[in-house]
Amino acid sequence: FTQSVIDACSALGIEFASVTLHVGLDTFGPIKTADARDHQIHSEWYEAPATCLNAVARAKRDGRRVVAVGTTSVRTLESLADHLSSSETFDEPVSGTTRLYITPGYKFQVVDAVLTNFHLPRTTLLLLVSAFAGEETIRAAYAHAIQERYRFYSFGDAMLIV
C-alpha cells in the first residue's frame, strides 16, 4: 500500500494495524506429498503489537470486518484467535511462532476478508484461499485469471476475498 492509498482508506474510516512477520522460503514451496493433508508446514515467527491486538479485538467486538493483507497475516491473526477472544486490553505485544496449516474445512475465527495475490498451484497458500472462499469459487477465479493473463506469485495481481 502506498501512503496515498492508506490515507484514502483512512479517510473512509478504515483502520490499519500491522504485525511483523518473518516469512520462510517454505511459504512459497510446493506441497510434495500425494495427499496435501500429510504435508508438514513450516513455522513462521510473528509479533503483534498491542495496538494491533487492541484494534482487531475492538473491530470484532464492534462487528466490523477484519481484513488481512496477505496469507501469512491470515495465519498470524488466526493463530492469535485465543488471545483475541478474551476481553482483555493488551499492553504488551504478543509474539511466537505459528505452524497453523489452513486447509479447506478450517473455521475462521478472526479474519473476515483477505487481500492477497494469486498463488501458484500445489502451495499451502492456494489451500488457504480455497479454505476461505471455497474450492469452486477459487477454481472459477483462477480460470478467469488465467484467461485474462493475470500475473501470479508474490508481485502479481491481487484479489479481495470476502
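Structure first, text after, so check above.
Residues numbered from 1 in each chain as written. Predicted model: local features only at pLDDT ≥ 70, side-chain atom pairs only at ≥ 80, totals over all residues. Heavy atoms only, no water.

Novice: Now, about the sheet that holds strand β6 (residues 158-161): what can you tell me, with residues and values included?
Specialist: Taken in spatial order, the three strands of this open sheet run β3-β5-β6, and their pairing is mixed. The open sheet has two edge strands with one neighbour each: β3 (67-69) and β6. Strand-to-strand twist of the sheet, defined as the mean angle between neighbouring strand axes without regard to direction, takes the value 15 degrees. In this sheet, strand β5 (residues 113-117) lies alongside β3 in parallel orientation, the contact comprising three bridges. Along β5, the bridge assignment pairs Val69 with Leu115. Along the sheet, helix α5 (residues 124-133) makes contact with β5 and β6, crossing β6 at roughly 35 degrees. (Pairing = 2+ DSSP bridges. Helix = DSSP H or I, 4+ residues; strand = E, 2+ residues; numbered from the N terminus. Axes fitted to C-alpha atoms, helices over the stretch in contact; angles between N-to-C directions. Contact = heavy atoms within 4.5 Å.)

Novice: For the nonpolar core, give the residues involved together with the corresponding values.
Specialist: One finds Leu84 and Val129 to be the most contacted residues of the largest nonpolar core, which totals 32 residues. Put simply, the parts of the chain that give this core at least two residues each are β2 (44-48), α2 (50-62), α3 (71-79), α4 (81-84), α5, α6 (135-147) and β6. For this core, the element with the most residues is α2, which contributes six residues. Not counting the four nearest positions on each side in its chain, Leu84 is found in contact with Leu53, Val56, Ala57, Leu77, Phe90 and Val110. (Core = buried A, V, L, I, M, F, W, Y, C linked by side-chain atoms within 4.5 Å. Buried < 20%, exposed > 50% of the residue type's maximum accessible area, 1.4 Å probe, protein only.)

Novice: Could you give an account of the sheet that holds strand β4 (residues 94-98), with specific residues and numbers?
Specialist: Spatially, β1-β2-β4 is the arrangement adopted by the three strands of the open sheet, whose pairing is antiparallel. Each edge of the open sheet is held by one strand with a lone partner, namely β1 (20-22) and β4. Neighbour-to-neighbour, the strand axes of the sheet open up by a mean angle of 15 degrees, direction not taken into account. Direction of pairing for β2 relative to β4: antiparallel, over a ladder of five bridges. The residue of β4 that forms the bridge with Glu47 is Ser95.

Novice: Talk me through the pattern of salt bridges; I want residue IDs and the actual numbers.
Specialist: Enumeration according to the criterion identifies seven salt bridges in this entry. Where Asp62 meets Arg64, a salt bridge forms, and the shortest distance between an N and an O atom there is 3.5 Å. The partner of Glu136 in a salt bridge is Arg139, with the nearest N and O atoms 3.0 Å apart. Here Arg139 and Glu136 lie together in helix α6, a separation of three residues that amounts to about one turn. For Glu136, a relative accessible area of 59% gives the class exposed. (Salt bridge = Lys/Arg side-chain N within 4 Å of Asp/Glu carboxyl O.)

Novice: Please give an account of the pairing of β6 that cites residues and values.
Specialist: The alternating pattern of β6 places Met159 and Ile161 on a buried face, while none of Ala158 and Leu160, on the opposite face, is buried. As judged from the four bridges shared by β5 and β6, these two strands associate in the antiparallel manner. The residue of β6 that forms the bridge with Thr116 is Met159.

Novice: Lay out empty space enclosed by the protein in plain terms, naming residues and giving numbers.
Specialist: Scanning the entire structure with this criterion turns up two cavities of 30 Å³ or more. The residue inventory of the lining of the largest cavity, partitioned by class, reads five nonpolar, four polar and no charged. Quantified by volume, the second largest cavity comes out at close to 40 Å³. Looking at the lining of the second largest cavity, the element that brings in the most residues is α5, giving three residues. In the lining of the second largest cavity, the residues fall into six nonpolar, one polar and one charged. (1 Å grid on protein atoms, 1.4 Å probe; cavity = no way out; pocket = protein on both sides within 12 Å on 5 of 7 lines; lining within 4 Å. Points joined across faces, edges and corners; volume = space filled by probe spheres on them. Nonpolar A, V, L, I, M, F, W, Y, C, P; charged D, E, K, R; others polar.)

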